[in-house]
Amino acid sequence: MANTNIEGAPIRRRQDSALRVRLRRGGELLGLILSNPTTVFGLILIFGMLGMALFAPWLTQANTPDPYQMPRDWGALRMPPGTPGHPLGTTNTGGDVLYGVIWGSRTSLQLSIVVVGVTVVIGTAIGSIAGMVGGKVDEILMRIVDVFLSIPELIFALAIAAILGPSFTNIILSLCLVFWVKYARIMRAQIILVKQNDYVDAARVIGDSRLNIYFRDILPNAATPLVVQATLDMGAIVLIGATLSFIGLSESGIAEWGVLVSEGQAGIASGRWWASTFPGLMIFLWALAFNLLGDGLRDALDPRTESRR
Amino acid sequence: MTDMSRLPTPEQASEAASGSVLSLRGISKHFPIRAGALQRVVGHVRAVDGVSFDIRPGETLGLVGESGCGKTTLGRLASGLLSPTSGGSYFNLDTAALSKLNAAYALPEDARAAALAPLEAAHGIATMPKAAQSRFRRNCQMVFQDSFSSLNPRHLVIDIVGRPLRVHKEASGEALTERVVELLEQVGLGRQHLYRYPHQFSGGQRQRISIARALALDPELIILDEPTSALDVSVQAQILNLLNDLQAERNLAYLFVTHDLSVVEHMADRIVTMYLGRVVEAGPTRTLFDAAAHPYTRALIAAKPDLAVDDPQVAKFAALDGSIPDPARPPRGCHFHTRCPVATPNCGWELDDIVRLLERSEDLFESLSDVSRHSDFAGELAFEDEGSAERLAQALRSDATPASMRSAMESLTVDGRTLRVRFQEVGEVQLSDRGPDHIAACVIKDA
């Protein structure tokens, strides 16, 4: 025991308090996450891109009235990188590639936060109801989930987005309709697993309410895989969103990486590589960063590593 | 499955002078077995089947049996974690209420409901009003076997032990902390452990935390589900002594569920032995250890490692062979007759026993093509070749078959490839009186 002296008598530690212990534990967890260099690299990338999104209005001259529309410089079409005023060159239609890259990070952030946020909430709710209630309710909900799962995510989202008509908002909407399914599955499986722990029965014997047991015992112990999956999906969703934009399901002219890649691809054959490459690189870095962080979280939050602490 | 004869007789009831903390009457839990694409119910596992007993204030009742005999399920039924398929549990009966309960169960089934109604309303765990249910929740606590899984890994000790007090709004803030410290000190822990996570403790310490949590609401009954089976022997002794001390201080009643006879001998005032979901014997600990009436109880006691196995009487029971039969299809007559070392012809030998014998001899079992039953006790076994039926008949007449089983066969004929057999029909073996406060379900009356 760390807190006993040589005679085995306890040393009083008056400063101990629940908050302090929880903070210390949080610190330990953070330390564990940060002890993995690839996770740190992922975090640096994420912070870099978040910074880019946050400071976009200061890094570039915001387009008016809508800063998410690419500004057009009709006097500087298809200029290569290094052109004064356009450090990363311009597109076929005179759009500044740098502007697109910077404001595109905002669009991507919007896309991934909205989609992950909405789908995690829906998925958690549906998975929790299925796992907690069980029986017929579980059966019905899971068959619905199976129907969704039987169609590949990308194709399903594509179909919905095509029906709704080409716009960036509709891409967000279609991804929300598709992505909750995975979380519902994970959540249900986790809840059924966690429910078997004796501490859940112990709480019932005490007489605590079902809602309390769910929020205090079951959800916190079931959430870890969902957090990891959500982190990984922050990257995957931008990738899929860009794909949908690339094939023309977004408005043309908006500062979005997939749209930019799409608009620039015609010029690649004629040697104008820059209009597609820089936004493409951003998509790659974004997906990579969240995958690294997700993997790091999975390792750090794994219960097997947890018990070693 | 509420069966009159498994209930205590009026004489036994009168001995329970001080009432009962918890009374189970004919309580059953059947789990459905589902099969096929449509998940239809094809049978039931009778985990607990018509069990009745009382837990008296301040006593330790040991519930023993092999793994799979339904004792853990019974513990969960008693604590209210599971709801029974049939039967009732009644909480906090005084002497008068207990004798009313016994009188009601002595009535024939159709007249029973009316007599039970007032008792159900006041004491029935499923039927009593909300306030009484909350009182039951506070008064009946539980300690689980696996101390790893019974403490939420994300909660601090103060939250775990203080939670019952919070839920029932007994204390908060500074007062709560002080109450938790008091509870921790009672189980041999202290203030320095308040702000720690369960994983920072050893198995024995975690079980102490579990006990502190169970004590928080000052219950009258704690159900201990194998509380020491996962612990080292030395730690086991500490926890058992702690439980004994706490019982003496607080007049606690324990339902001690275990498979460990040495623990139960040390702890229990009375013992209930379960086999395949039923009570086969119940009585005071001393009586059971000195003169158990049921061969199964004797086998369990003989299997205790510290007894001298040179004693031939003990050795006979020491090694129970075979495994527990399928609880979805329990044997006829006495459930235990398939493994009983002293079985008689009247113990319920049946067609399934021949099938069990066949399972041990591979070639005969493989040539078996069909079993047609006239009843559980009579039927025909058809084989693919001529020799098998005759060979089986010879085996059944020889020493390879228990003598009691041979004498239970009323007829045994071979007709070409079929073997016809009929056993004498035997009813269920009922619990009967064997002495003061001592009941057993065995056909041998003067064991």
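Residues numbered from 1 in each chain as written. Chains lettered and ligands numbered in written order. Predicted model: local features only at pLDDT ≥ 70, side-chain atom pairs only at ≥ 80, totals over all residues. Heavy atoms only, no water.

Re helix α14 (residues 351–360) of chain B
The condition is simple: The buried label goes to any residue with under 20% of its type's maximum accessible area, the exposed label to any with over 50%, and the partly exposed label to all in between, with areas taken from a 1.4 Å probe on protein chains only. Secondary structure counts use DSSP, requiring at least four H or I residues in a row for a helix and at least two E residues in a row for a strand, with both numbered from the N terminus. In what follows, a contact means two residues having at least one pair of non-hydrogen atoms within 4.5 Å.
Within α14(B) the residues assigned to the buried category are B:L351, B:D352, B:D353, B:I354, B:V355 and B:L358. Tucked inside the fold, the buried residues of α14(B) contact α15 (362–367), β10 (368–373), β11 (378–383), α16 (386–397), α17 (403–408) and β13 (418–423) of chain B.

Describing the sheet that holds strand β4 (residues 86–93) of chain B
Residues and elements named next belong to chain B. Test applied: Note: two strands are recorded as paired if DSSP finds a minimum of 2 bridges between them. Note on geometry: axes are lines fitted to C-alpha atoms, helical ones only across the stretch in contact, with angles between N-to-C directions running from 0 to 180 degrees.
On the basis of which strands lie adjacent, the open sheet formed by three strands has the order β2-β1-β4 and antiparallel pairing. Each edge of the open sheet is held by one strand with a lone partner, namely β2 (40–55) and β4. Across this sheet, the average inter-strand angle for adjacent strands is 20 degrees, counted without regard to direction. Its contacts with the sheet place helix α2 (residues 71–79) against β1 (20–35) and β2, and it is angled at close to 120 degrees to β1.

A short note on the pattern of salt bridges
Here is the rule: Any Lys or Arg side-chain nitrogen found within 4 Å of a carboxyl oxygen on Asp or Glu counts as a salt bridge.
Counting across every chain of the model gives 36 salt bridges over all chains. Between A:D198 and B:R76 there is a salt bridge, with its nearest N and O atoms 3.5 Å apart. In this pair, A:D198 is assigned in helix α8 (residues 198–206) and B:R76 in helix α2, connecting two distinct chains. Taken individually, A:D198 and B:R76 each receive the classification buried, so the pair is uniform in this respect.

Remarks on the sheet that holds strand β15 (residues 438–440) of chain B
All names here are of chain B. Spatially, β5-β6-β7-β3-β8-β9-β15-β14 is the arrangement adopted by the eight strands of the open sheet, whose pairing is mixed. Two strands lie at the open edges of the sheet, namely β5 (140–143) and β14 (432–435), each paired on one side alone. For this sheet, the mean inter-axis angle between neighbouring strands, taken without regard to orientation, is 20 degrees. Across three bridges, β14 lies against β15 in antiparallel orientation. What sits directly across from D433, in β15, is I439. Lying over the sheet, helix α5 (residues 130–139) contacts β5 and β6 (221–225), oriented at roughly 35 degrees with respect to β5.

Some words on the interface of chain A and chain B
Keep this limit in mind: The buried area of a pairing is the accessible area, by a 1.4 Å probe, that goes missing from both parts when the two are put together, added over both. For the purposes of these results, a polar contact is taken to be a pair of N or O atoms within 3.5 Å, where, inside protein, one atom must be able to donate a hydrogen and its partner to accept one; residues adjacent in sequence count only when each atom of the pair is a side-chain atom. Residue type decides the class: Asp, Glu, Lys and Arg count as charged, Ala, Val, Leu, Ile, Met, Phe, Trp, Tyr, Cys and Pro as nonpolar, and the leftover types, Gly among them, as polar.
Contact residues are listed per partner, giving 30 residues for chain A and 31 residues for chain B. Interface area for chain A against chain B, summed over the two sides, is near 2900 Å², with a carbon-plus-sulfur share of 50%. Along the contact surface separating chain A from chain B lie five salt bridges. Across the contact surface, chain A and chain B share 16 residue pairs in polar contact (both at pLDDT 80 or more). Elements represented by at least two residues in the side of chain A that touches chain B include exactly α1 (18–34), α8 and α9 (210–222) of chain A. Counting residues per element, the side of chain A that touches chain B draws most heavily on α8(A), which supplies eight residues. The residue makeup of the side of chain A that touches chain B, split by class, is 11 nonpolar, seven polar and 12 charged.

Some remarks on the confidence of the model for chain B
All names here are of chain B. To keep things clear, this is the line we draw: For every residue, the predictor reports its confidence as pLDDT, a number between 0 and 100.
Put simply, chain B has an average pLDDT of 85, and 92% of its residues get 70 or more. No element of chain B has a lower mean pLDDT than helix α1 (residues 10–15), at 44, and none a higher one than β6, at 95. Residue range residues 1–16 is modelled with pLDDT below 50. Its contacts to residues more than four positions away, or to other chains, number 41 contacts. Interface confidence for the predicted complex, expressed as ipTM, amounts to 0.84; the pTM equals 0.84.

Some remarks on the environment of B:L224
All names here are of chain B. Along the chain, the position of L224 falls in strand β6. The buried category is assigned to L224, whose relative accessible area is 0%. Considering only alpha carbons, one finds L224 and H259, 35 residues apart in sequence, at a separation of 12 Å. If near-sequence neighbours (up to four positions away) are discounted, L224 is found in contact with V143, L243, Y254, L255, F256 and V257.

Quick look at the packing of aromatic side chains
The line we're drawing: Here a pair means two rings of Phe, Tyr or Trp (six-membered ring of Trp) with centres within 6.5 Å. Their orientation is stacked below 30 degrees between planes, edge-to-face above 60, and tilted elsewhere. Consider the ring centre and the ring normal. A charge sits over the ring if Lys NZ or Arg CZ is within 6 Å of that centre and within 35 degrees of that normal.
Throughout the structure, instances matching the rule amount to 14 aromatic pairs over all chains. With centroids separated by 5.6 Å and ring planes inclined at 20 degrees, the aromatic side chains of A:Y99 and A:W103 adopt a geometry described as stacked. On the criterion of helical spacing, the pair formed by A:Y99 and A:W103 is a turn pair, its members being four residues apart in helix α4 (residues 97–133). On the basis of relative accessibility, which here comes to 2%, the residue A:Y99 falls in the buried class. A relative accessible area of 2% places A:W103 in the buried class. Taken together, the aromatic side chains of A:Y68, A:Y99 and A:W103 make up a single cluster linked through ring pairs. Of note, A:R25 hangs over the ring of B:Y197, and the distance from its end group to the ring centre comes to 4.0 Å. A cation sits over an aromatic face here: B:R206 above B:F148, 3.6 Å from the ring centre.

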